[in-house]
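A look at the structure
This is what each chain is made of:
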Amino acid sequence: MRTLCASTLIGEFFVIGFAGLVAMKSDDLTAATVWTVCGIGMLLSVLLCGMITRPGGVVLGWAFQIALVVSGVFVPVMYILGIAFAALWWASVHYGRKIDEAKARWAAMEARADPAPAAG
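Residues numbered from 1 in each chain as written. Predicted model: local features only at pLDDT ≥ 70, side-chain atom pairs only at ≥ 80, totals over all residues. Heavy atoms only, no water.

1. Side note on the packing of helix α2 (residues 31-51) against helix α3 (residues 57-70)
- Where α2 contacts α3, the two axes come as close as 9 Å, and the packing angle between them is 155 degrees. As summarised for this structure, α2 and α3 are arranged roughly antiparallel, according to the angle between their axes. Along this stretch, α2 crosses α3, giving a crossing that reads as left-handed. Two secondary-structure elements touch here, α2 through G41, L44, S45, L48 and M51 and α3 through G57, L60, G61 and F64.
- Of the residues belonging to the contact of α2 with α3, the class tally is five nonpolar, four polar and no charged. (Axes fitted to C-alpha atoms, helices over the stretch in contact; angles between N-to-C directions. Helix = DSSP H or I, 4+ residues; strand = E, 2+ residues; numbered from the N terminus. Parallel < 35°, antiparallel > 145°, perpendicular 65-115°, else oblique. Left-handed = near helix turned anticlockwise from the far one by under 90°. Contact = heavy atoms within 4.5 Å. Nonpolar A, V, L, I, M, F, W, Y, C, P; charged D, E, K, R; others polar.)

Structure follows, in structure tokens:
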């Protein structure tokens, strides 16, 4: 699960950076505001990569997805991109857990098939 979720978050890192470039065209936002918000979002996406397997990591990831969709208020294309990345996040969590379960089953089957050699 960690690999799939981290891949989604790194993709969001780049999307947030590009959204900052789009937001720079807005007359309502200053460059300092745009890059402060985008910088924080980009930093959070990287930090979340390391928190995926910790308690609450997936929930924080969902909160991040909601924030990405809500950012569409300032950059309308982020509604579409935010929803797309939320769908990717769901798929990463859902299928990542299935992959982790399958790996655990395979490891257990392999451990039963190959007992550890006796020390001697």
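2. A closer look at the environment of L29
- Mapped onto the elements of the fold, L29 is located in the loop between α1 (2-23) and α2.
- Looking at L29, the relative accessible area reads 23%, which means it is partly exposed.
- Distance in space between the C-alpha atoms of L29 and G72 is 14 Å, their sequence separation being 43 residues.
- In contact with L29, not counting residues within four places along its chain, are A23, V34 and F74. (Buried < 20%, exposed > 50% of the residue type's maximum accessible area, 1.4 Å probe, protein only.)

3. Some details on the environment of I52
- Looking at where I52 falls in the secondary structure, it is placed in the loop between α2 and α3.
- I52 sits in the buried class, given a relative accessible area of 2%.

4. Describing the nonpolar core
- Ranked by size, the top nonpolar core spans 22 residues in total, and within it L9 and W89 carry the most contacts.
- Among the elements that make up this core, the one with the highest residue count is α1 (seven residues).
- Every residue in contact with W89, bar those within four places of it in the chain, is listed here: C5, T8, L9, I52, V58, G61, W62 and Q65. (Core = buried A, V, L, I, M, F, W, Y, C linked by side-chain atoms within 4.5 Å.)

5. Observations regarding α3
- Its 14 residues place the ends of α3 20 Å apart at the C-alpha level, agreeing with the 20 Å of an ideal helix rising 1.5 Å per residue.
- Considering only its buried residues, α3 is in contact with α1, α2 and α4 (77-113). (Expected span 1.5 Å × (residues − 1).)

6. Looking at the side chain of E12
- Mapped onto the elements, E12 comes out in helix α1.
- It turns out E12 is buried and unbridged, and the closest side chain with the opposite charge, R2, is 14 Å from it. (Lys, Arg positive; Asp, Glu negative; His and termini not counted. Salt bridge = Lys/Arg side-chain N within 4 Å of Asp/Glu carboxyl O.)

7. Some remarks on the packing of aromatic side chains
- Evaluation of the coordinates by the stated rule reveals two aromatic pairs.
- Here F13 and F14 contribute two aromatic rings whose centre-to-centre distance is 5.2 Å and whose plane-to-plane angle is 90 degrees, an arrangement assigned as edge-to-face.
- Measuring from centroid to centroid gives 6.1 Å for W90 and Y95, while their planes differ by 80 degrees, and the two rings are edge-to-face.
- Owing to a relative accessible area of 42%, Y95 belongs among the partly exposed residues under this scheme. (Phe/Tyr/Trp six-rings, centres within 6.5 Å; stacked < 30°, edge-to-face > 60°.)

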